[in-house]
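A closer look at the structure
This is what each chain is made of:
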Amino acid sequence: MSGHKPHRLILYLVIISLMFSNNLANAQDVLFGTIDSTRLPIIKSHYQKELLIDYCLEPEKWDTVKHGLNVSVVSTNEIFFRTEVPNLKRASQKFEASAWKGERINLELLVWSPDTLKQINIELNELKSSANTRISKKNCKAYLVRYVISNFPYNSDQYVCGVGPTNSGYLMPDRFEEFERFELPGRTVRPIWVSIDIPRTLKADLYKSIITITSDKESLEIPIEIRVLDLALPSPQKWNYRLDLWQNPWVIADYFNVKPWSEVFKILLRKHLKLYADAGGKYITTYAVHSPWADNSYYLEKSMINWIKQKDGNWKFDYSIFDEYIELAHSVGISGAITIYTLIPWGDRFIYYDEETKNYVTDHWPVNSETYEKNINTFLTDLRKHLKVKGWYNKTFLGINENELQQTLNVIELIKKNSNDWKISYAGYWHEELSGLVDDYSCQIAFEPSVEEIQNRVKDNQFTTTYVCCIPAKPNNFLHSPPIEGRWLSWYIEAKGYSGFLRWAYDAWPSDPTRDARHIFWPAGDAFLVYPGGNSCIRFEKMGEGIVDFEKIKIIRSKIKKSNDQTIKKLWAEFEINQQKILDEKKYNSADLENMVNEGVRIINELAIRLK
């Protein structure tokens, strides 16, 4: 039997080899890391600056459009869809406007064609008066308006505060981009936004120029005339309007993948904040805790003050980032107020560094607990001392955001026990119980005080602003909102007697903000008004127009008091009737809002001529 052993060994090895080969083949059939093909993004050969996945609903209309280059001056209060023939009664080949010194004049050009057009260029020139006074070409800028995805259709009366629609999309024009020339695909439109900054020291006169639009085969000219009136706006830093757009500087580091507070980071951050400063931004948003809200920002807000628990159990606080951010904001012109968020973080969550373990610790200190009161009191005492040394105490507000009434009252009591001269800001529904306790009250526009209640706060030297967020559906400055709503809001603010406007947020970007503004929780555009790179947009500029209107009204109001001219008094009576219409408005029809604003602008300009 022993002679058969070699044969058995060979047979055994053959069987083992076959089993191994079979198992290897089976393993190769299991494709680890497989992705469902329906979820794969479409591969493009180049980076796409817009996600051009819309389609035309009325393609037959392009058959009647004149071939070649079509250009018109259009209203900045409307939008035009990328693949649809623009709904214009007739093309406008001239632009006329009146302006104050120090004002920005915006105009919009629309380019469209049934044909593909190449090498389209916009040439801006200096504006000249008959006396040869000039507005420099450097004061004139043209921007390509890029299309961005919204999760609601244009002019929708729907809204969501929570998980929103993620399976619907609509392409809306909004983001500005500098350019030299561009190509227009056939059967599409392209908006061009033109801004002209009127120098504050310019001589009042009529200024004229020509905008030239060329393609590789054609050229068109648009004459423009701007009558500069003999009244001037102060610099934005001196405006009365209290603009509070909440910032999160950490988005710069996360989006551009740069080290926080490095020199590159600060260069990007200055440009990012300059847009806000030039719109009259007053408030510097700072954070005393990590992610103060419900972790619902795509890029989380991080604390600017490092809480450190020492080995002996005592606290110390590192203000280095807090100080650096405030000083950087000051350097670009934002210096009106500092808001510190928040003493009531989401879930009562506080994060601190433990010197004993050399780790960061997440702890929960419920309001009214002994631990909360002790630690917050220690923090406030140290913070007050630091702010006094820096010279910032008198313009600093301890911010409370949409917390329920009793919890807010409890924390205010704790703050006032620490020091009665702390200033407090609150954003949320109007509560009469808070009015005498809150120095800066921003009321949700759908749950607001009466005109009389606002006037009483003015008498007590308290600020009252309003804000919109994921509600109401109208008026708002969502991506899908008619642009006129953004301007009209400041007319309402002035008529109501508010001090200004608050918005969360300036820059809470979703994952792909330059192309897709949809947020998982809220309407697209609810969380930001500036694009990466410090780039503006239609929504931001329309908000800016309303702020300038507010400033003009304040200046005219002060001059009216000194005039006995009957024509002026009659014009002012007309203006107040129009303001009452604005106060009474509830339907928010775009055409009606535009008529109200246009009527107000007409009267203000007439008064400006007579009151110079």
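Our structure is the block above this text.
Below is a summary of the structure that appears in this document. Keep in mind that what you see is a predicted model, and the values were worked out from it rather than measured. (Residues numbered from 1 in each chain as written. Predicted model: local features only at pLDDT ≥ 70, side-chain atom pairs only at ≥ 80, totals over all residues. Heavy atoms only, no water.)

1. Considerations on the nonpolar core
With 135 residues, the main nonpolar core has Trp307, Tyr372, Phe379 and Ile556 as its most contacted residues. Of the residues forming this core, the biggest block, nine residues, is contributed by helix α10 (residues 538-560). Apart from the residues within four sequence positions on either side, Tyr372 is in contact with Leu343, Ile344, Phe350, Trp365, Pro366, Val367, Val411 and Leu414. Listed in part, the 34 residues of the second largest apolar core include Ala97, Leu124, Ile196 and Val228. (Core = buried A, V, L, I, M, F, W, Y, C linked by side-chain atoms within 4.5 Å. Buried < 20%, exposed > 50% of the residue type's maximum accessible area, 1.4 Å probe, protein only. Helix = DSSP H or I, 4+ residues; strand = E, 2+ residues; numbered from the N terminus. Contact = heavy atoms within 4.5 Å.)

2. With respect to the state of the cysteines
Applying the stated criterion to the full structure yields one disulfide. Sulfur-sulfur distance for the disulfide between Cys161 and Cys470 comes to 1.9 Å. On the sign convention where negative is left-handed, the bridge of Cys161 and Cys470, at about 105° about the S-S bond, is right-handed. Here Cys161, found in the loop between β7 (140-150) and β8 (170-177), pairs with Cys470, found in the loop between β23 (463-467) and α9 (483-496); they are 309 residues apart in sequence, far enough to count as distant. Residue classification places Cys470 among the buried positions, given a relative accessible area of 9%. (Disulfide = S-S within 2.5 Å.)

3. Notes on the sheet that holds strand β19 (residues 359-364)
One open sheet accounts for four strands, arranged β16-β15-β18-β19; its pairing is mixed. This sheet does not close on itself; its edge strands, each paired only once, are β16 (315-318) and β19. On average, each strand axis in the sheet is inclined to that of its neighbour by 40°, with strand direction left out of account. Across the sheet, helix α5 (residues 370-390) touches β15 (306-309), β16 and β18 (349-354), and the angle it forms with β16 is around 45°. (Pairing = 2+ DSSP bridges. Axes fitted to C-alpha atoms, helices over the stretch in contact; angles between N-to-C directions.)

4. Thoughts on the pairing of strand β24 (residues 500-503)
Alternating positions in β24 separate into two faces, Gly500 and Leu502 on one and Phe501 and Arg503 on the other, with burial throughout. Relative to β24, strand β13 (residues 242-245) runs parallel, the two being bridged by four bridges. Each residue of the ladder has a partner; that of Asp244, found in β24, is Leu502. Taken together, the three bridges between β23 and β24 define a ladder with parallel strand orientation. When the sheet's bridge partners are listed, Tyr467 is paired in β24 with Leu502. Handedness of the crossover joining β23 and β24 through α9: right-handed. (Right-handed = clockwise from strand over helix to strand, strands pointing away.)

5. Details of the packing of α10 against helix α12 (residues 590-610)
Where α10 contacts α12, the axes come no closer than 10 Å and their chain directions differ by 45°. In terms of axis orientation, α10 runs oblique to α12. Seen along the crossing, α10 lies across α12 with a hand that is left-handed. Here Asp549, Lys552, Ile553, Ile556 and Ile560 of α10 come into contact with α12, specifically with Val601, Ile604, Asn605, Leu607 and Ala608. Classifying every residue of the contact of α10 with α12 by side-chain character gives seven nonpolar, one polar and two charged. (Parallel < 35°, antiparallel > 145°, perpendicular 65-115°, else oblique. Left-handed = near helix turned anticlockwise from the far one by under 90°. Nonpolar A, V, L, I, M, F, W, Y, C, P; charged D, E, K, R; others polar.)

6. Observations concerning the pattern of salt bridges
In this structure the tally under the stated criterion is 40 salt bridges. A salt bridge links Arg242 to Asp440; the nearest nitrogen and oxygen atoms lie 4.0 Å apart. Of this pair, Arg242 sits in strand β13 while Asp440 is found in strand β22 (residues 440-444), placing the two residues 198 residues apart along the sequence. Like Asp440, Arg242 is buried. Where Asp254 meets Lys302, a salt bridge forms, and the shortest distance between an N and an O atom there is 3.6 Å. Taken together, the residues Asp254 in helix α2 (residues 250-256) and Lys302 in the loop between β14 (283-287) and β15 connect sequence positions 48 residues apart. Of the residues examined, Lys302 reaches a relative accessible area of 27% and is grouped as partly exposed. The network of salt bridges with shared partners includes Lys49, Glu50, Arg146, Arg175, Glu177 and Arg190. (Salt bridge = Lys/Arg side-chain N within 4 Å of Asp/Glu carboxyl O.)

7. Observations regarding the pairing of β14
Among the five residues of β14, five are classified as buried, and the element is accordingly described as predominantly covered. Because side chains alternate across β14, one face comprises the buried residues Tyr283, Thr285 and Tyr287, and the other comprises Ile284 and Thr286, equally buried. The pairing of β14 with strand β17 (residues 337-341) spans five bridges and is parallel. Pairing of Tyr287 across the sheet is with Tyr341, part of β17.

8. Topic: α10
Between its first and last C-alpha, α10 extends 33 Å over 23 residues, near the 33 Å set by a 1.5 Å rise per residue. Counting buried residues along α10, 19 of its 23 residues qualify, which places the element largely inside the surrounding structure. (Expected span 1.5 Å × (residues − 1).)

9. Side note on the packing of aromatic side chains
One pass over the structure, following the stated rule, counts 42 aromatic pairs. The interplanar angle of 15° and the centroid separation of 4.4 Å between the aromatic rings of Phe350 and Trp365 together place this pair among those described as stacked. With Phe350 in strand β18 and Trp365 in the loop between β19 and α5, this residue pair connects regions lying 15 residues apart in the sequence. Judged by its relative accessible area of 2%, Phe350 falls in the buried class. Residue classification places Trp365 among the buried positions, given a relative accessible area of 2%. Measuring from centroid to centroid gives 5.1 Å for Phe528 and Tyr531, while their planes differ by 90°, and the two rings are edge-to-face. (Phe/Tyr/Trp six-rings, centres within 6.5 Å; stacked < 30°, edge-to-face > 60°.)

10. Let's talk about the sheet that holds strand β3 (residues 104-113)
The five strands are arranged β1-β3-β10-β7-β8 in an open sheet whose pairing can be described as antiparallel. Pairing within the sheet leaves two strands with one partner each, and these edge strands are β1 (70-74) and β8. Averaged over neighbouring strand pairs, the angle between their axes works out to 30° when direction is ignored. Relative to strand β10 (residues 188-197), β3 is paired through 10 bridges, and the arrangement is antiparallel. The residue of β10 that forms the bridge with Val111 is Arg190.

11. A look at helix α11 (residues 566-584)
In this model α11 runs 27 Å from its N-terminal to its C-terminal C-alpha over 19 residues, within 8% of the 27 Å that 1.5 Å per residue would give. Three or more residues of α11 are buried, namely Ile568, Leu571, Trp572, Phe575, Asn578, Gln579, Ile582 and Leu583. In a view along the axis of α11, the buried residues occupy a sector of 145°, so they form one face of it. Exposed side of α11, more than 90 degrees from the buried face: Gln566, Lys570, Ile577 and Lys581 are the residues found there. At its buried positions, α11 is contacted by α8 (451-459), α9, α10 and α12. Measuring from the side-chain oxygen of the N-cap residue of α11 to the backbone nitrogen of Thr567 gives 2.8 Å; that N-cap residue is Asp565. (Arc of directions from axis to C-beta. Polar contact = N/O pair within 3.5 Å; in protein donor to acceptor, adjacent residues only side chain to side chain.)

Remember, this is a structural readout, not a statement about activity or role.
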